[in-house]
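# Survey of secondary and tertiary structure
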Amino acid sequence: QVQLVESGGGLVQAGGSLRLSCVASGRPFSRYGMMAWFRQAPGKEREFAAGIDWSAGWTYYRDSVKGRFSISRDRAQNTVYLQMNSLNGEDTAVYYCAAAKVRSRVTIPGEYEYWGQGTQVTVSS
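One structure accompanies this document, and this report is about it.

Scoring rules and cut-offs
- Residues numbered from 1 in each chain as written.
- Predicted model: local features only at pLDDT ≥ 70, side-chain atom pairs only at ≥ 80, totals over all residues.
- Heavy atoms only, no water.
- Helix = DSSP H or I, 4+ residues; strand = E, 2+ residues; numbered from the N terminus.
- Polar contact = N/O pair within 3.5 Å; in protein donor to acceptor, adjacent residues only side chain to side chain.
- Contact = heavy atoms within 4.5 Å.
- Phe/Tyr/Trp six-rings, centres within 6.5 Å; stacked < 30°, edge-to-face > 60°.
- Buried < 20%, exposed > 50% of the residue type's maximum accessible area, 1.4 Å probe, protein only.
- Lys NZ or Arg CZ within 6 Å of the ring centre and 35° of its normal.
- Pairing = 2+ DSSP bridges.
- Axes fitted to C-alpha atoms, helices over the stretch in contact; angles between N-to-C directions.
- Disulfide = S-S within 2.5 Å.
- Core = buried A, V, L, I, M, F, W, Y, C linked by side-chain atoms within 4.5 Å.

### Notes on the side chain of Thr-79
Within the secondary structure, Thr-79 is located in strand 8 (residues 79-84). Side-chain polar atoms of Thr-79 contact the backbone oxygen of Gln-77, separated by 2.8 Å. Residues within four places of Thr-79 in sequence aside, it is in contact with Ser-21, Cys-22, Val-23, Trp-54, Ser-72, Arg-73 and Asp-74.

### So, the packing of aromatic side chains
Going through the model one piece at a time under the given rule, you end up with seven aromatic pairs. Geometrically, the ring pair formed by Phe-38 and Tyr-112 is edge-to-face, given 5.1 Å between the ring centres and 80° between the ring planes. Of the two residues, Phe-38 is situated in strand 4 (residues 34-40) and Tyr-112 in the loop between strand 9 (93-100) and strand 10 (114-115); the sequence distance between them amounts to 74 residues. A centroid spacing of 6.0 Å and a plane angle of 40° characterise the contact between Trp-58 and Tyr-60, whose relative ring orientation is tilted. For Tyr-60, a relative accessible area of 7% gives the class buried. Through successive ring pairs, a cluster of aromatic residues spans Phe-38, Phe-48, Trp-58, Tyr-60, Tyr-96, Tyr-112 and Trp-115. Here the basic side chain of Arg-46 rests over the ring of Tyr-96, its NZ or CZ set 3.7 Å away from the ring centre. Here the basic side chain of Arg-46 rests over the ring of Trp-115, its NZ or CZ set 4.8 Å away from the ring centre.

### Here's the deal with the sheet that holds strand 7 (residues 69-74)
As summarised here, the arrangement of the four strands in space is 1-3-8-7, forming an open sheet in which the pairing is antiparallel. Each edge of the sheet is formed by a strand with only one pairing partner; in this case those strands are strand 1 (2-7) and strand 7. If you compare each strand with its neighbour and ignore which way they point, the axes differ by 15° on average. The sheet contact formed by strand 7 and strand 8 spans six bridges and is antiparallel.

### Digging into the state of the cysteines
By the definition in use, this model includes one disulfide. Linked covalently through their sulfurs, Cys-22 and Cys-97 form a disulfide whose S-S length is 2.1 Å. Since a negative S-S torsion denotes a left-handed disulfide, the Cys-22-Cys-97 link at about -75° is left-handed. With Cys-22 in strand 3 (residues 18-26) and Cys-97 in strand 9, this pair connects stretches of sequence that are 75 residues apart.

### Here we look at the nonpolar core
Counting 28 residues, the largest nonpolar core has Leu-4, Met-35, Trp-37, Val-80, Leu-82, Met-84 and Tyr-95 as the members making the most contacts within it. When residues of this core are traced back to their parent elements, those giving at least two are strand 1, strand 3, strand 4, strand 5 (47-53), strand 7, strand 8, strand 9 and strand 11 (119-124). Counting nine residues, the second largest nonpolar core, distinct from the first, contains Met-34, Ala-36, Phe-48 and Tyr-112.

### A few points about the pairing of strand 9
For strand 9, the tally of buried residues reaches seven of eight residues, placing the bulk of the element in the interior. Strand direction decides the pairing type here: strand 4 and strand 9, joined by seven bridges, are antiparallel. Its bridge partner lying in strand 9, Met-35 is registered against Ala-99. Pairing of strand 9 with strand 11 involves three bridges; the strand directions are antiparallel. Bridge pairing links Tyr-95 to Thr-119 in strand 11.

Structure (structure tokens):
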């Protein structure tokens, strides 16, 4: 079993930055292919934000966050980060960390086997 625990959410003014962290424990993490951040705003479906290949480190993003968000990982610490800059009101959501066994650019929530509990990010104008 894998446990994912997110942290780093909070309230920030528009234009500000936040850094989210996701620490994984349990099953050897090297067996997973992809790590990703999803987000879900009130009344909306959960959507992919950013993903990273755990071994090779290549990344991919949804268009609306490209150039503003950056996903990275620290394999020694079993931790994935999401640096979010130039935040705006549309970024307000609960952000979830997720892990998938496949090694491809998966953006569908159903492709991810493990999820964290989520951390709230609120951007005020």
